[in-house]
Each structure stands twice: as C-alpha cells, then as structure tokens.
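# Observations on the three-dimensional arrangement
In case you want the letters, here they are:
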Amino acid sequence: MNYLTVLRETINSFLSNPTWDILLLLFFFFAVFVYGLVVGRNRIIVLLLASYPAALINGYLPYPQQFLERLNTLQILFLKSFVFFVLVLFVFWILNKAGFSRKEISKKTGHVIFLSFLNVGFWANMIFGYALKISEEAVKLAPLTRLLFGSIPSHFIWLILPLLALYWLGRN
C-alpha cells in the first residue's frame, strides 16, 4: 500500500511540474515506439538483445582516469550514454549481419509496442543508473524517475523483465 501511495504522489507532483529526466524519458518512449512500428518485431527483439552486451561492455570499459577528471558530471554522463548507444548499434549491426534480424511478413503491433516499451525502459534504466553512479548530488532525478529507475530493485526488474517477456512471447 505504501508503494502505491508514493507512486500516486509522485505522479501528481510530476503533472504539476515536469522535470528534464521525465521529458527525456517521454522522448525515448516516443522515438523507440515510432522506430518499432517502422522496423517491426524482429528488429526490436534484436535491438533489445543487443542492449545487454552493450551495457556489460560499457560497465567494464576502462575510461582513462585523467580524461574523466577533466570532464564535469554532465559531460561524463553524456560520454557514458553515447558510448552505450554506439555499442548497442555496433552489437545490433553484428547480430544483423549474423542473420538474427530477418524480415517479417506479418507485424504484430501489440508485441512491437510492448517490446518497444521494454527496450526504452531498459535504456532509461541504464542511463539513469550511470547518472546516479556518477553523482547523486549533481544529477537530481524526479521522485518518479528515482522510484522507477533509480533503485536496486528497479534495476533488477528492468534487467529481468525484457528477458521474461521474450520468453513469454516466444512461447505464444
């Protein structure tokens, strides 16, 4: 019950005063939704699967410490986010060349919308996770964003939920 109360209060506070992180999240949802409708279910699945190794590689990528010391917090966040998306595109390209993304005859719009939502949720989880690891004081997140993407349980949920959805969609 407490979780639902906090969620309701944070939604009410957002509607009265939207913040940069919520607007960024809405842009992500719109962009991937449109992309999903254009390219179809199979490519969204490959894009989602490409996000996992990209996140792992980016998490262990050795950024030069002297280089990072010359950047401010937002520049480091931009660098880590940019590298993450470049790695996603690179892994997507590799999986595409390996034949994992084939053309589909019938598009299942419901699946595409659901997978697009999961893809954006996973990406937002990674980006906001980078932001919180860099500096919680410098990067202020809205309470709703912190609740949905900035906690350890939410991080675990966003890592597992797309895999469970792919398993469920594969059975149907």
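Residues numbered from 1 in each chain as written. Predicted model: local features only at pLDDT ≥ 70, side-chain atom pairs only at ≥ 80, totals over all residues. Heavy atoms only, no water.

### Some words on the environment of Gly 40
Quick note on the threshold: Only DSSP runs of H or I with at least four residues qualify as helices, and only runs of E with at least two residues qualify as strands; both kinds are numbered from the N terminus onward. Accessibility here uses a 1.4 Å probe with only protein chains present; expressed as a share of the type maximum, an area under 20% marks a residue as buried, one over 50% as exposed, and anything in between as partly exposed.
Structurally, the position occupied by Gly 40 is in the loop between helix H2 (20-39) and helix H3 (41-60). Assessed through its relative accessible area of 0%, Gly 40 is described here as buried.

### Some points on H2
Test applied: Between the first and last residue of a helix there are one fewer steps than residues, each counted as 1.5 Å, and that sum is the expected span. It is the directions from the helix axis to the C-beta atoms whose arc is reported.
Compared with the 28 Å implied by 1.5 Å per residue over 20 residues, the 28 Å span of H2 between its first and last C-alpha is a close match. Along H2, the positions that sit buried rather than exposed are Asp 21, Ile 22, Leu 25, Phe 28, Val 32, Gly 36 and Val 39. Angularly, the buried residues of H2 cover 135° about the axis, an arc narrow enough to put them on a single face. Away from its buried face by more than 90 degrees, H2 exposes Phe 27, Phe 30 and Val 38. Once H2 ends, the next one or two residues include Gly 40, with phi positive near 100°.

### What to know about a nonpolar patch on the surface
Let me state the cut-off plainly: Patches in this entry comprise residues that are over 30% relatively accessible and not in a salt bridge; like charges within 9 Å are linked, as are nonpolar side chains (Val, Leu, Ile, Met, Phe, Trp, Tyr) within 5 Å. Computed with a 1.4 Å probe, the accessible areas rest on the Shrake-Rupley method; for each residue, only the protein chains presented here act as cover. Whenever Lys or Arg places a side-chain nitrogen within 4 Å of a carboxyl oxygen from Asp or Glu, that contact is recorded as a salt bridge.
Judged by side-chain polarity, Leu 49, Phe 156, Ile 157, Ile 160, Leu 161, Leu 163 and Leu 164 come together as a nonpolar surface patch covering roughly 600 Å² of accessible area. Per element, the largest residue contribution to the nonpolar patch is six residues, and it comes from helix H8 (residues 152-171). Considering the arrangement of structural elements, one finds Leu 49 in helix H3.

### Thoughts on the packing of H3 against H8
For any two helices packed against each other, one specifies the crossing angle of their axes together with the interaxial distance. Convention followed: All axes here are fitted lines through C-alpha atoms, helices being fitted over the stretch that makes contact, and every angle between N-to-C directions spans 0 to 180 degrees. Crossings are classed by handedness, with left-handed meaning an anticlockwise turn of the near helix from the far one by less than a right angle and right-handed meaning a clockwise turn. It only takes one pair of heavy atoms within 4.5 Å for two residues to be counted as in contact. Here the nonpolar group is Ala, Val, Leu, Ile, Met, Phe, Trp, Tyr, Cys and Pro; Asp, Glu, Lys and Arg are the charged ones; every other residue, Gly included, is treated as polar.
The N-to-C vectors of H3 and H8 enclose an angle of 145°; their axes lie 11 Å apart at closest approach. In terms of crossing hand, the pair formed by H3 and H8 is left-handed. Touching Arg 41, Ile 45, Leu 48, Leu 49 and Tyr 52 of H3 are Trp 158, Leu 159, Pro 162, Leu 163, Leu 166 and Leu 169, all from H8. Tallied by class, the residues present in the contact of H3 with H8 amount to ten nonpolar, no polar and one charged.

### Overview of the confidence of the model for the chain
For clarity, the cut-off: The pLDDT score gives, residue by residue, the confidence of the prediction method on a 0 to 100 scale.
Residues at a pLDDT of 70 or more form 88% of the chain, whose mean pLDDT is 82. By mean pLDDT, the top-scoring element of the chain is helix H5 (residues 73-97) (92), and the lowest-scoring one is helix H1 (residues 2-16) (70).

### Topic: the nonpolar core
Rules: Only buried residues count toward a nonpolar core, which is a set of Ala, Val, Leu, Ile, Met, Phe, Trp, Tyr and Cys residues joined through side-chain atoms within 4.5 Å.
Of all hydrophobic cores here, the largest spans 43 residues; its most connected members are Phe 84, Leu 115, Phe 122 and Trp 123. Breaking this core down by element, the ones donating at least two residues are H2, H3, H5, helix H6 (109-134) and H8. At twelve residues, H6 tops the list of elements feeding residues into this core. If sequence neighbours within four positions are ignored, Phe 122 has contacts with Ser 51, Tyr 52, Ala 55, Phe 84, Trp 158 and Leu 159.

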